[in-house]
Amino acid sequence: MIEINNVYKRYKTKLGPGPWVLRGITLTIPSKVNVGLIGVNGAGKSTLLRLIGGIDHPNMGSIKRHCRLSWPMGHGGVEPDLTGRQNAKFVCRVHGFGHDLRDRLAFIQDFSELGKAFDDPVRTYSSGMRSRLQFALSLAFDFDIYISDEVTAAGDARFRNKAAQAFKDMIHRAGLIMVAHNESTLKQFCQAGILLHNGQAHWFDAIDDALTAYKDTYS
Amino acid sequence: MTSALRNTLTVWYALILREALDRLFDMRGAWFWLLAEPAMHILFMSFIRVVIRMRTVANADALMWIVVGMLAFFLFRRTAVQVTHAVDSNRAFFAFRQVQPFDPALARAVLEAFLMAIVAIIILVATSFFDRQIIPDDPLLVLAAVLGLWLFGLGYGLVASVLQNLIPEMKHVLKILMMPLYLISGVIIPLSSIPQPYLSWLMYNPIAHALELVRLGYFEHYHTVPGVSMGYVYAWSVASICLGLLLYRRFAIQLTMR
């Protein structure tokens, strides 16, 4: 369960504080529900995801995480000068799995389908290879809730299908908070929806209702 | 052990291994240059001092005087520089909540101390082939002074990294600051050769105090310059680390954001 209590967020610009992106968001996200975050570009979807993930902090308000929560999948977490394997080792160790490195590394190498490139520096990867590595990394650990920012768009068509399948298996046993612009992706993975509009969040128990409300905001 | 402490320790462990990889194998022979840089400085300076000019400095053997001072100074400089850039080089890893800005800074300082210990042992053993005694007369005093110097390097790095992230121009100022430190800290020019009142100005620099103390620990009959104080070194170390930690606490978000 994640409790978001009266959260405000704005960013600094060169001309002082910018406009409020999030204005007083109060939400409780249960553990076992798959939620889609929707809203127009710049509505604060990624901002809210980063705040939930704990890699950025609200200007006001608080966020309490009562569960094991993943890092925002598909964003950062990979150092370009290290090889895929070295990155994977680091991530395993940081998550306290230094003792069964071998199994997890085998899984990551296998799932990402990087083959020999697993031992090349990440900066030599194509963007598809890189997102495959990032996707495999986040699947290697068991979290209660995964957070993902457009992560299913990784790789070519064949890998996307495999990723979608793995994603489905994963969200049967864990919760998911995701940002996606594609309506069918949202319908495929999410039951509930959060609509971000004018810095406010609106919760919908059914993703279809959220998408309908979303269309009303810009039409 | 609480889980918060265990998390922190696993993060430090992972960061130290990652940094060691970077420092030793980043480019071809990176580990060689780690050793070669101080060795070259020592060779060059001791050639000028021992062969051309004199045999002793303030009642200490000139070669050992340079070796000891140079190694201690390199410990400070490398720790300071590595810690200064710790946050920049690990930006990708702040995607993980459990990695905080202070973690890579500490990991780098610990790694640097470890690597400089190895470098110092190799260079000291090499010096022993020139009929020099490499065991200090007062090892505890040497350790205390070196520890103070290392802590000051960590503190300096913490403060410097926040400054240059908040004020980009500070990058140039800090570089300009580092350069004369080599000259005014008594690494190659004996402070005893500098007249008053300039000497007392130079003694505001805690590195000068620490280097004199390391040498005093090494050579029992060494004549330090007047006013050398261990307390002064540690006052700077503690003050700079406290200030650095305060700045990290206050500006943690600005440090990890781009």
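Residues numbered from 1 in each chain as written. Chains lettered and ligands numbered in written order. Predicted model: local features only at pLDDT ≥ 70, side-chain atom pairs only at ≥ 80, totals over all residues. Heavy atoms only, no water.

1. Comments concerning the nonpolar core
Note that soluble globular proteins tend to have their nonpolar side chains buried in a common cluster.
Argument step 1. Counting residues in hydrophobic clusters, the biggest one holds 119 residues, and the most contacted among them are Ile108 and Leu133 of chain A together with Met70 and Phe76 of chain B.
Argument step 2. Per-element accounting of this core gives the leading share, 16 residues, to helix α3 (residues 62-84) of chain B.
Argument step 3. In this structure phenylalanine 76 of chain B touches Leu149, Phe152, Gly153, Tyr156, Met178, Leu181 and Ile207 of chain B, once residues within four positions along its chain are discounted.
Argument step 4. By size, the runner-up hydrophobic cluster in this structure holds 25 residues, among which are Ile25, Cys67, Val179 and Leu196 of chain A. (Core = buried A, V, L, I, M, F, W, Y, C linked by side-chain atoms within 4.5 Å. Buried < 20%, exposed > 50% of the residue type's maximum accessible area, 1.4 Å probe, protein only. Helix = DSSP H or I, 4+ residues; strand = E, 2+ residues; numbered from the N terminus. Contact = heavy atoms within 4.5 Å.)

2. Quick word on the side chain of serine 148 of chain A
Argument step 1. Counting through the fold element by element, serine 148 of chain A comes out in strand β6 (residues 145-149).
Argument step 2. Non-local contacts of serine 148 of chain A, meaning those with residues more than four positions away in its chain, are made with Leu49, Met73, Phe167, Leu176, Ile177, Met178 and Val179 of chain A.

3. Overview of the interface of chain B and chain A
Argument step 1. Listed per partner, the contact involves 20 residues of chain B and 26 residues of chain A.
Argument step 2. Summed over both partners, the interface of chain B with chain A buries about 1900 Å², with 65% contributed by carbon and sulfur atoms.
Argument step 3. Counting across the chain B and chain A interface gives 1 salt bridge.
Argument step 4. For glutamate 79 of chain A, the salt bridge is made with arginine 18 of chain B, and the minimal N-O distance between the two is 3.8 Å.
Argument step 5. There are 4 residue pairs in polar contact (both at pLDDT 80 or more) connecting chain B and chain A.
Argument step 6. Classifying every residue of the side of chain B that touches chain A by side-chain character gives 14 nonpolar, 4 polar and 2 charged. (Buried area = accessible area lost by both parts, 1.4 Å probe. Salt bridge = Lys/Arg side-chain N within 4 Å of Asp/Glu carboxyl O. Polar contact = N/O pair within 3.5 Å; in protein donor to acceptor, adjacent residues only side chain to side chain. Nonpolar A, V, L, I, M, F, W, Y, C, P; charged D, E, K, R; others polar.)

4. A closer look at the sheet that holds strand β2 (residues 16-29) of chain A
Residues and elements named next belong to chain A.
Argument step 1. Across the sheet, which stays open at both edges, the 3 strands sit in the order β2-β1-β4 with antiparallel pairing between neighbours. Each edge of the open sheet carries a strand with a single partner, namely β2 and β4 (60-65). Strand-to-strand twist in this sheet, taken as the mean axis angle between neighbours without regard to direction, amounts to 30°.
Argument step 2. In this sheet, β4 lies alongside strand β1 (residues 2-13) in antiparallel orientation, the contact comprising 5 bridges. Opposite isoleucine 4, over in β4, you have isoleucine 63 as the bridge partner.
Argument step 3. Where helix α1 (residues 45-53) meets the sheet, it contacts β1, β2 and β4, and its direction lies at approximately 120° from that of β1. (Pairing = 2+ DSSP bridges. Axes fitted to C-alpha atoms, helices over the stretch in contact; angles between N-to-C directions.)

5. A closer look at a nonpolar patch on the surface
Residue and element names in this part refer to chain B.
Argument step 1. Taken together, the side chains of Leu21, Phe25, Met27, Trp31, Phe32 and Trp33 make up a nonpolar region of the molecular surface, amounting to roughly 690 Å² of accessible area.
Argument step 2. Broken down by secondary-structure element, the contributors of at least two residues to the nonpolar patch are α1 (3-25) and α2 (30-53).
Argument step 3. With 3 residues, α2 is the largest single contributor of residues to the nonpolar patch.
Argument step 4. Assignment of secondary structure puts phenylalanine 25 in helix α1. (Patch = residues over 30% accessible without salt bridge, like charges linked within 9 Å, V, L, I, M, F, W, Y side chains within 5 Å. Areas by Shrake-Rupley, 256 points an atom, 1.4 Å probe, with all protein chains shown as cover.)

6. Points about the side chain of arginine 18 of chain B
Argument step 1. Note on placement: arginine 18 of chain B falls in helix α1.
Argument step 2. Residue arginine 18 of chain B is classed as buried on the basis of its relative accessible area of 5%.
Argument step 3. Within polar-contact distance, the side chain of arginine 18 of chain B engages the side chain of asparagine 90 of chain B at 2.7 Å.
Argument step 4. Setting aside chain neighbours within four positions, we find arginine 18 of chain B in contact with Glu79, Leu82 and Phe90 of chain A together with Ser89, Asn90 and Phe93 of chain B.

7. Details of the pattern of salt bridges
Residues and elements named next belong to chain B.
Argument step 1. For the structure shown, the criterion picks out 20 salt bridges over all chains.
Argument step 2. A salt bridge links aspartate 61 to arginine 132; the shortest N-O distance between them is 2.6 Å. Residue aspartate 61 is found in strand β2 (residues 60-61), and its partner arginine 132 is found in the loop between α5 (102-128) and α6 (139-166); the two are separated by 71 residues along the sequence.
Argument step 3. Arginine 132 sits in the partly exposed class, given a relative accessible area of 22%.

8. Some points on the confidence of the model for chain A
Argument step 1. For chain A, per-residue confidence averages 83 on the pLDDT scale, and 96% of positions sit at 70 or higher.
Argument step 2. When mean pLDDT is taken per element in chain A, helix α2 (residues 84-94) of chain A scores highest with 90 and helix α5 (residues 157-173) of chain A scores lowest with 80. (pLDDT = per-residue confidence, 0-100.)

9. Details of the packing of α3 of chain B against α6 of chain B
All names here are of chain B.
Argument step 1. Two elements in contact, α3 and α6, have axes separated by 7 Å at closest approach and are oriented at 30°. On the basis of their axis angle, the class for α3 and α6 is roughly parallel. Between α3 and α6 lies a crossing of right-handed hand. The residues of α6 that touch α3, namely those facing Ala72, Leu75, Phe76, Thr79, Ala80, Val83 and Thr84, are Val146, Leu149, Trp150, Phe152, Gly153, Leu154, Tyr156, Gly157, Leu158, Ala160, Ser161 and Gln164. (Parallel < 35°, antiparallel > 145°, perpendicular 65-115°, else oblique. Left-handed = near helix turned anticlockwise from the far one by under 90°.)

10. Focus on the environment of phenylalanine 107 of chain A
Residue and element names in this part refer to chain A.
Argument step 1. Residue placement: phenylalanine 107 occurs in helix α3 (residues 101-112).
Argument step 2. The spacing of phenylalanine 107 and threonine 212 is 105 residues in sequence and 40 Å in space, taken between C-alpha atoms.
Argument step 3. Among residues more than four places away in sequence, those in contact with phenylalanine 107 are Ala136, Leu139 and Ala140.

11. Here's the deal with unusual backbone geometry
Argument step 1. Residue proline 197 of chain B follows glutamine 196 of chain B across a cis peptide bond; omega there is 0°.
Argument step 2. Structurally, proline 197 of chain B can be placed in the loop between α7 (170-184) and α8 (198-202).
Argument step 3. A positive phi angle, close to 55°, is found at glutamate 113 of chain A, a residue other than glycine.
Argument step 4. Note on placement: glutamate 113 of chain A falls in the loop between α3 and α4 (127-139).
Argument step 5. What makes glutamate 113 of chain A partly exposed here is its relative accessible area of 29%.
Argument step 6. Positive phi outside glycine occurs at asparagine 198 of chain A, with the angle close to 55°.
Argument step 7. Turning to its location among the elements, asparagine 198 of chain A is positioned in the loop between β8 (192-197) and β9 (200-204).
Argument step 8. By relative accessible area, which is 52% here, asparagine 198 of chain A ends up exposed.

12. Regarding the packing of aromatic side chains
Argument step 1. Overall, the coordinates contain 21 aromatic pairs over all chains when judged by the stated rule.
Argument step 2. Between the aromatic rings of phenylalanine 76 of chain B and tyrosine 156 of chain B, the centroid separation amounts to 5.9 Å while the plane-to-plane angle is 70°, which identifies the pairing as edge-to-face. Placement of phenylalanine 76 of chain B in helix α3 and of tyrosine 156 of chain B in helix α6 is noted, with a sequence separation of 80 residues between them.
Argument step 3. A relative accessible area of 15% means that tyrosine 156 of chain B is categorised as buried.
Argument step 4. Centre to centre, the rings of tyrosine 232 of chain B and tryptophan 236 of chain B are 6.4 Å apart; their planes meet at 65°, and the pair counts as edge-to-face. One end of the pair, tyrosine 232 of chain B, and the other, tryptophan 236 of chain B, are both in helix α10 (residues 230-256), 4 residues apart, so they sit about a helical turn from each other.
Argument step 5. The class of tryptophan 236 of chain B is partly exposed, set by a relative accessible area of 38%.
Argument step 6. Members of the aromatic cluster, each reached through a chain of ring pairs, are Phe73, Phe76, Phe152, Tyr156, Tyr182, Tyr232 and Trp236 of chain B.
Argument step 7. Above the plane of the ring of phenylalanine 97 of chain A lies arginine 104 of chain A, whose end atom (NZ or CZ) is 3.8 Å from the centre.
Argument step 8. Its end group placed over the ring of tryptophan 65 of chain B, arginine 215 of chain B keeps NZ or CZ at 3.8 Å from the ring centre. (Phe/Tyr/Trp six-rings, centres within 6.5 Å; stacked < 30°, edge-to-face > 60°. Lys NZ or Arg CZ within 6 Å of the ring centre and 35° of its normal.)

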